[in-house]
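Architecture and fold: a report
So you can see what is in the structure, the chains are spelled out below.
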Amino acid sequence: MKKAISRRLFLSQTAKTTAVLTSGALIGGSFLSACSSSKKTISTVLPATGLDQTPLLYSYSALEPFIDAQTMELHYSKHAAAYSKNAKEAAAAENVKPGTSVETLLASVSIYSAKLRNNAGGHYNHELFWKCMKPGAAGNPSEKLSNGLIKSFGSFETFKNQFTEAGKTRFGSGWAWLYMDRDHQLRIGSTPNQDNPLMDVSDIKGFPLLGLDVWEHAYYLKYQNKRADYIQAWWNLVNWDYVQQRYESV
Ligand code: MN3
């Protein structure tokens, strides 16, 4: 069983990672600014994502009963660990400059191999996914994000329904996203495989705020073919504070 690391340790590790990776990284508002001509003040600076897997901030069993411990253990220690390992391997083979953030890499992922696209994408998506969940989550976004969702989708319930539908209807393996597009509009969409909106090859482009893994490995042990039940349960885990932090960074 993996032990959760302390907040202090997490923060100090995050600070170190930031110090190493901030240079040249395209995170949050910087990412969107680089993609469009609009000028926007960055209110929150998010740490850049490195190629190493970071520790889970909760135990494998902490998301029960919505996501079972065995699924979490396999998902984190096998599937996600392999994306990180293979992404590092591909990055080295393709002469990616050490210290390049995953965000920067994905923004020009078209110039790299399918191995790097799939694994750097997979690594980024899972690093995001773990942080988008927490045990005993509050269930609702705070006022600022809530207002943004209502403005964009009409109501929080409509947002949830549309996001759920994006996850349910993604054929095969992939992800559902809430993201900020390059015109600073909140959007819902989905991507196949391990693609995401940061990628220059993606049909939907922008900065991901909330991501949901709808690969069968994310739910099959507990929910079998019932992806809709998994998605419905997953809403109980959404870490809205973290989504808000991402929202405020763009
Ligand atoms: Mn997965």
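Residues numbered from 1 in each chain as written. Predicted model: local features only at pLDDT ≥ 70, side-chain atom pairs only at ≥ 80, totals over all residues. Heavy atoms only, no water.

For the protein, the count of helices and strands is 10 helices and three strands. Counted from the first residue to the last, the protein has its helices and strands arranged as α-α-α-α-α-α-α-β-β-β-α-α-α. Looking at the protein as a whole, 48% of its 250 residues qualify as buried. Residue pairs at least 24 apart in sequence account for 72% of intrachain contacts in the protein once pairs closer than 6 positions are excluded. Summed over all atoms, the accessible surface of the protein reaches about 11600 Å², with 51% contributed by carbon and sulfur. (Helix = DSSP H or I, 4+ residues; strand = E, 2+ residues; numbered from the N terminus. Buried < 20%, exposed > 50% of the residue type's maximum accessible area, 1.4 Å probe, protein only. Contact = heavy atoms within 4.5 Å. Areas by Shrake-Rupley, 256 points an atom, 1.4 Å probe, with all protein chains shown as cover.)

Those donors, His75 (NE2), His126 (NE2), Asp213 (OD) and His217 (NE2), are the protein atoms that reach the manganese ion, and they lie 1.9 to 2.2 Å from it. The sequence motif formed by the donor residues of the manganese ion is H-x50-H-x86-D-x3-H. Of this pair, His75 sits in helix H3 (residues 69-93) while His126 sits in helix H5 (residues 114-131), and the two are 51 residues apart along the sequence. Across the pair, His126 and His75 agree in class, each one buried. (Donors = N, O, S within 2.8 Å, 3.2 Å for Na, K, Ca; no water.)

Taken as a whole and judged by the stated rule, the model has 17 aromatic pairs. A ring pair is formed by Phe129 and Trp130, whose centres lie 5.6 Å apart and whose planes are at 45 degrees; its orientation type is tilted. Residue Phe129 is classed as buried on the basis of its relative accessible area, which comes to 1%. According to the relative accessible area criterion, Trp130 is buried, its value standing at 4%. Look at Phe159 and Phe163: their rings are 5.9 Å apart centre to centre, the planes differ by 55 degrees, and that puts the pair in the tilted class. Separated by four residues within a single helix, Phe159 and Phe163 lie in helix H7 (residues 156-169), roughly one turn from each other. Of the two residues, Phe159 and Phe163, both sit in the buried class. Ring-pair connections join several aromatic residues into one group, and the members of that group are Phe153, Phe156, Phe159, Phe163, Trp234, Trp235 and Trp240. Positioned above the aromatic ring of Tyr223, the side-chain terminus of Lys222 is 5.7 Å from the ring centre. (Phe/Tyr/Trp six-rings, centres within 6.5 Å; stacked < 30°, edge-to-face > 60°. Lys NZ or Arg CZ within 6 Å of the ring centre and 35° of its normal.)

On to the environment of Tyr112, then. In this fold, Tyr112 is placed in the loop between helix H4 (102-107) and H5. Since its relative accessible area comes to 23%, Tyr112 is described here as partly exposed. For Tyr112, the residues in contact, after removing those within four places along its chain, are Glu94, Val96 and Leu105.

What follows deals with H3. Because an α-helix packs 3.6 residues into every turn, residues spaced three or four apart end up facing the same way. Relative to the 36 Å expected for 25 residues at 1.5 Å per residue, H3 spans 35 Å between its end C-alpha atoms, a close match to the ideal helical length. Taking the largest bend as the criterion, H3 deviates by roughly 35 degrees, centred on His75. Listing the buried residues of H3 in full gives Ala69, Thr71, Met72, His75, Tyr76, Ala80, Tyr83, Ser84, Ala87, Ala90 and Ala91. Buried positions along H3 lie against H5, strand E3 (206-213) and helix H8 (220-223). Within two residues after H3, Asn95 carries a phi angle of roughly 60 degrees, on the positive side. (Expected span 1.5 Å × (residues − 1). Bend = angle between axes of the 7 residues up to and from the residue.)

Pairing is antiparallel in the open sheet, where three strands are placed in the order E2-E1-E3. A strand with exactly one partner marks an edge of an open sheet, and here the two such strands are strand E2 (186-192) and E3. Neighbour to neighbour, the strand axes of the sheet diverge by 30 degrees on average, direction disregarded. In terms of strand pairing, strand E1 (residues 174-181) meets E3 through seven bridges, oriented antiparallel. The residue bridging Met180 from the neighbouring strand is Phe207, located in E3. In this fold helix H6 (residues 143-153) packs onto E1 and E2, with an angle of close to 80 degrees to the strand it touches most, E2. (Pairing = 2+ DSSP bridges. Axes fitted to C-alpha atoms, helices over the stretch in contact; angles between N-to-C directions.)

Given a relative accessible area of 1%, His75 falls into the buried group. In terms of polar contacts, His75 uses its side chain to reach the side chain of His217, at 3.0 Å. Setting aside anything within four residues of it in sequence, one finds His75 in contact with Ala80, His126, Phe129, Trp130, Asp213, His217 and Ala218. (Polar contact = N/O pair within 3.5 Å; in protein donor to acceptor, adjacent residues only side chain to side chain.)

Let's shift gears to the environment of Gln232. Along the chain, Gln232 falls in helix H9 (residues 227-234). The sequence separation of Gln232 and Lys160 amounts to 72 residues, and the corresponding C-alpha distance is 9.6 Å.

Judged by nonpolar contacts, the single largest core of 66 residues is most densely connected at Phe159, Leu178, Leu210 and Trp240. Leaving out residues up to four positions away in the same chain, Trp240 has contacts with Gly139, Asn140, Pro141, Leu145, Leu149, Phe156, Phe159, Leu210 and Trp235. (Core = buried A, V, L, I, M, F, W, Y, C linked by side-chain atoms within 4.5 Å.)

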